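These are the residues of each chain, in order.
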Amino acid sequence: MERVVIVGASVAGLTAAETLREEGFAGELVLVNGEQHAGYDRPPLSKAVLNGRMPPSEVALRPAEFYLEHRIDHRVGVRAEALDLRDRTVLIDTGERLGFDGLIVATGLRARPLPGQSALGGLHMLRTLDDAQQLRADLLASSRVIVVGAGFLGSEVAATARELGRDVTIVDPLGLPMLRQLGRDVAPGVLQAHRSRGVDLRLQRVVRSFHEKDGRVTGVTLDDDEPIEAQVVVVAIGSIPNTEWLQGSGLMLDDGVVCDEFCRAGEGVYAAGDVARWQHPRLGTSLRIEHRMHAAEQGIAAARNLLGAGVPFDPLPYFWTDFYDVKVQVFGRIDPDDEVTLLSGDLEGRSFTAAYVCDGSITAVLGWNAPRQVRRLNPLVGQRVEALQSLAAAGA
Amino acid sequence: MIKIHVDEHKCVGAGQCVMTAPQVFDQREEDGVVVLLQDHAEPPLEASVRKAVKLCPAVAIRVEEV
């Protein structure tokens, strides 16, 4: 293998490039970066960067010299437009065709707009560093903010806006914030966190229309006809995999790039990170995971398998979310219908740990302001529920 | 041999480093922020530390050759 092209230069693509070098790949390595910045870390964008605690200069994933040291041909601000699997080339928007022997697709996600959403001043989505800086500038100049969507991103943005002293209203179609992410037993704690800080929540409501004046958003009307005024509206309702450039290439696309258990999408073609839908080796189903650490793990796995390691990718998913003084951390995968067993503390308290159970198996463990405890509990994931009883008997 | 640096302000308390190289990393009880048990590592431990650098979801660990 003489030449590897990696499309996407955020966590998955960058970690794959680093891994290829560490594992001894000595050929040409091209990293196609569709953004205007070298790879940066996204989780701080809705928290420390938006809040102003972390300057944008601190979000770089790797120091500037990394690219030179790893002999990476880093193409910044260049987008992949098409893949030709017969010629084994990637067409980029400069018109150049990049030949490859090995390809790693790591093009990630973009923010999903509301149906009919148009471009208005003050109307934001948050995915990139530039998005975060523009949103921060608008937040600082505003007094009232509406956040549409109460998942991780929406709840974090709402919390940050509140910390900046803005009046905040959250709108979400479900009955609780983070209901899908944390389930019905833990999500009330998120609701309580928002309410106790004076955030208004309009739950089981959707935005019917935006109000505008002179090209700027001035508020929304909900489906119950309630009008809400605001100078800033943030839409945080999820994301869309960036796979359009692969249409017609012969790679299978289905809400992401479809891969086998080795993250392999085709002959010498692998995918990693948010964009990759891979066949989980134990669950017997395909998954796409949009978590920060997963992107690094899958970038490592895809790079190793491209080099012939032949190891199925079988991670223990991990995610966290921070809002106000709350840090929630989860190992495993939560289904909102899972049963929750409290392991320590209480659900209304400042700190607790809990296990999620489905069909007699532990699917996830969660820590609410309990980072050290939840890390110690992670070996429970995948075990039978009886393991919780022995844990209780041991007085843990 | 490598020297290990951690950034407590960036750390999000994921504990991935503790799982990857428990001889080198621990977490504070109250907030899970990283605690360095030793600030140097040699092979074979060095490989685990480098893996922790790659997996850290907050880019809070850095190593330098010494």
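Enquirer: Go over the interface of chain A and chain B, please, and point to the residues and values.
Expert: Where interface size is quoted, it is often the accessible area lost as the parts come together. Opposite the 26 residues of chain A that make contact, chain B presents 20 residues. Between chain A and chain B the total buried area reaches about 2000 Å² when both faces are included, carbon and sulfur atoms providing 54% of it. When the area that chain A buries against chain B is broken down by residue, the three leading residues are Met293, Arg372 and Arg375 of chain A, summing to 29%. For the interface between chain A and chain B, the tally reads 4 salt bridges. Linking Arg372 of chain A and Asp26 of chain B is a salt bridge whose minimum nitrogen-to-oxygen distance equals 3.0 Å. Joining chain A to chain B, the criterion identifies 9 residue pairs in polar contact (both at pLDDT 80 or more). For the side of chain A that touches chain B, the elements supplying multiple residues, two or more each, are α1 (11-22), α8 (292-306), β23 (318-323), β24 (326-332) and α9 (371-377) of chain A. Of the residues belonging to the side of chain A that touches chain B, the class tally is 10 nonpolar, 5 polar and 11 charged.

Enquirer: Got a sec to walk through the packing of aromatic side chains? Specific residues and values, please.
Expert: Residue and element names in this part refer to chain A. Per the stated rule, a full pass over the model turns up 8 aromatic pairs over all chains. Considering the side-chain rings of Tyr318 and Phe331, the 4.9 Å spacing of their centres and the 45° angle between planes classify their relative orientation as tilted. Taken together, the residues Tyr318 in strand β23 and Phe331 in strand β24 connect sequence positions 13 residues apart. In this structure Tyr318 comes out as buried when scored by relative accessible area, which is 2%. Looking at Phe331, the relative accessible area reads 1%, which means it is buried. These aromatic residues form a ring-pair network of at least three members: Phe323, Tyr324, Phe352 and Trp368.

Enquirer: Go over the pairing of strand β10 (residues 144-148) of chain A, please, and point to the residues and values.
Expert: Most of β10 of chain A is tucked away: 4 of the 5 residues are buried. Between the parallel elements β10 of chain A and strand β11 (residues 167-172) of chain A, the chain passes through helix α5 (residues 152-163) of chain A in a crossover that is right-handed.

Enquirer: Which residues make up unusual backbone geometry, and what values go with them?
Expert: For residues that are not glycine, phi is negative in most cases, and the peptide bond is trans in most cases. A cis amide bond, omega 0°, links Pro43 of chain B with the succeeding residue Pro44 of chain B. Take Pro44 of chain B: it is sitting in the loop between β4 (40-41) and α2 (45-55). Even without being a glycine, Asp225 of chain A presents a positive backbone phi close to 75°. Although it is not a glycine, Asn369 of chain A sits at a positive phi angle of roughly 50°. Within the secondary structure, Asn369 of chain A is located in the loop between β27 (361-368) and α9. Under the relative-accessibility criterion, Asn369 of chain A is labelled buried at 12%.

Definitions and limits used
- Residues numbered from 1 in each chain as written.
- Chains lettered and ligands numbered in written order.
- Predicted model: local features only at pLDDT ≥ 70, side-chain atom pairs only at ≥ 80, totals over all residues.
- Heavy atoms only, no water.
- Contact = heavy atoms within 4.5 Å.
- Buried area = accessible area lost by both parts, 1.4 Å probe.
- Salt bridge = Lys/Arg side-chain N within 4 Å of Asp/Glu carboxyl O.
- Polar contact = N/O pair within 3.5 Å; in protein donor to acceptor, adjacent residues only side chain to side chain.
- Helix = DSSP H or I, 4+ residues; strand = E, 2+ residues; numbered from the N terminus.
- Nonpolar A, V, L, I, M, F, W, Y, C, P; charged D, E, K, R; others polar.
- Phe/Tyr/Trp six-rings, centres within 6.5 Å; stacked < 30°, edge-to-face > 60°.
- Buried < 20%, exposed > 50% of the residue type's maximum accessible area, 1.4 Å probe, protein only.
- Right-handed = clockwise from strand over helix to strand, strands pointing away.

These figures capture arrangement, not role.
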